[in-house]
Amino acid sequence: MSERALVIVPTYNERENIVRLIQSVLAQDARLDILVVDDGSPDGTGAIVDEVADREPRVFALHRAKKLGLGTAYLAGFRWALERSYAYVFEMDADFSHDPGHLPQFLAAIESADLVLGSRYLHGKVTVVNWPIARLMLSYGANIYARFVTGLPLYDATGGFKCFRRAVLEAIDLDDVRSNGYGFQIEMSFRAWRKGFRIVEIPIVFHDRTEGESKMSGGIVREAVLMVWRLRWWAIRGKL
């Protein structure tokens, strides 16, 4: 595979992690570029990325004026990638919960798939490190719930470590994507599945963040709970 791939990383106050993350991502494969979508981080994350980009041609920054949410950050990154010649587009967190060392596995798997998902719960095996048991049960239960309501045949529909083939993003109407939190991950996978694309899950080890603060909130959970029913209804009505 000689095509180039773009790793999209949304950030908000990730100055402790971002330089190490960029270096680690670029070290995995020469075909990887990285786009940091920064939501006006008060801690100066965006300025740090600009400094790195000035001396590294594989690093790019997309600045937004304020915190607008995970889903809109990825959508902005998808549009940026589609305007350029990338064949594959990754979603990845900035906090090292997604280990850059898994990127070569994604690149290998995407050769025979359209969408590759990094799964924390593949075949019922939990590969999560240092999460409180309540957070783990919430996440694991949410995936059972999403699978039951939507029929989406995935063990980890809420996971955010993904690689899309370009054709998947071109086939989905990005302007029609409604969710913005973790429901966004379910919605993007569901839309790809409904269009008949080949989805493959690969096992990853998920580490809880060691720097910065979690972006999880009650609103994000509520959005995901409601979104699965909306997806089911839209599918019944043929609106996906």
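Everything here concerns the structure above.
What comes next is a walk through the structure. All of these numbers come straight from a predicted model, not from anything done at the bench.

Let us now look at the overall build of the protein chain. What the protein chain contains, in helices and strands, is eight helices and nine strands. A globule of 240 residues ought to have a C-alpha radius of gyration of about 18 Å, and the protein chain, at 17 Å, matches this closely. Overall, the protein chain is about 50 × 40 × 35 Å in size when its C-alpha atoms are taken along their principal axes. Out of the 240 residues belonging to the protein chain, those deemed buried represent 52%. Of all intrachain contacts in the protein chain linking residues separated by at least 6 positions in sequence, the fraction that spans at least 24 positions is 80%. With the model as given, the accessible surface of the protein chain reaches about 10700 Å², and the carbon-plus-sulfur share is 54%. Taking the average location of the 30 positive side-chain charges in the protein chain and that of its 30 negative ones, the two points are 7 Å from each other.

This paragraph deals with helix 2 (residues 45–55). Those residues of helix 2 lying buried are Thr45, Gly46, Ile48, Val49 and Val52. End-on view of helix 2: buried residues confined to an arc of 160°, all on one side of the axis. Every exposed residue of helix 2 that faces more than 90 degrees away from the buried side is listed here: Glu51, Asp54 and Arg55. Where helix 2 is buried, its residues meet strand 1 (5–11), helix 1 (18–28), strand 2 (32–38) and strand 3 (59–63).

Positive phi, normally seen in glycine, also occurs at Phe96, with a value near 70°. By the element assignment, Phe96 lies in the loop between strand 4 (88–91) and helix 4 (103–109).

Viewed as axis vectors pointing N to C, helix 1 and helix 2 meet at an angle of 40°, and their least axial separation amounts to 10 Å. The angle between helix 1 and helix 2 places the two elements in the oblique class. Here helix 1 runs over helix 2; the crossing is right-handed. Residues Ile18, Val19 and Ile22 of helix 1 form the contact with helix 2, whose participating residues are Thr45, Ile48, Val49 and Val52. Tallied by class, the residues present in the contact of helix 1 with helix 2 amount to six nonpolar, one polar and no charged.

Rules of the game
Sequence positions are assigned chain by chain, starting from 1 and proceeding in written order. In keeping with the predicted nature of the model, local features appear solely for residues at pLDDT of at least 70, side-chain atom pairs appear and are counted solely at 80 or more, and the whole-chain, interface and lining totals rest on all residues. Calculation of side-chain values draws on the structure's entire complement of heavy atoms; hydrogens and water are dropped beforehand. The numbering of helices and of strands both runs from the N terminus, where a helix is a DSSP run of H or I of at least 4 residues and a strand a run of E of at least 2. Throughout, radius of gyration means the C-alpha value; the globule benchmark is 2.2 Å times the number of residues raised to the power 0.38. A 1.4 Å probe rolled over the protein chains alone gives each residue an accessible area, and that area as a share of the maximum for its type sets the label: buried under 20%, exposed over 50%, partly exposed in between. Throughout, a contact is declared for two residues whenever any of their heavy atoms are within 4.5 Å. Accessibility throughout is a Shrake-Rupley quantity obtained with a 1.4 Å probe, and a residue counts as covered only by protein chains that appear here. Asp and Glu count as negative and Lys and Arg as positive, but His and the ends of the chain are not part of the count. Every charge is mapped to an atom, namely NZ of Lys, CZ of Arg, CG of Asp or CD of Glu. This arc is built from the directions going out from the helix axis to the C-beta atoms. Only the stretch in contact is used when fitting a helix axis, every axis being a line fitted to C-alpha atoms; angles between N-to-C directions are given from 0 to 180 degrees. Each angle receives one of four descriptions, namely roughly parallel if under 35 degrees, roughly antiparallel if over 145, roughly perpendicular if within 65 to 115, and oblique otherwise. Take the far helix as the reference: if the near one is turned anticlockwise from it by less than a right angle, the crossing is left-handed, and if turned clockwise, right-handed. For this classification, the nonpolar set comprises Ala, Val, Leu, Ile, Met, Phe, Trp, Tyr, Cys and Pro, the charged set comprises Asp, Glu, Lys and Arg, and every other residue, Gly included, is treated as polar.

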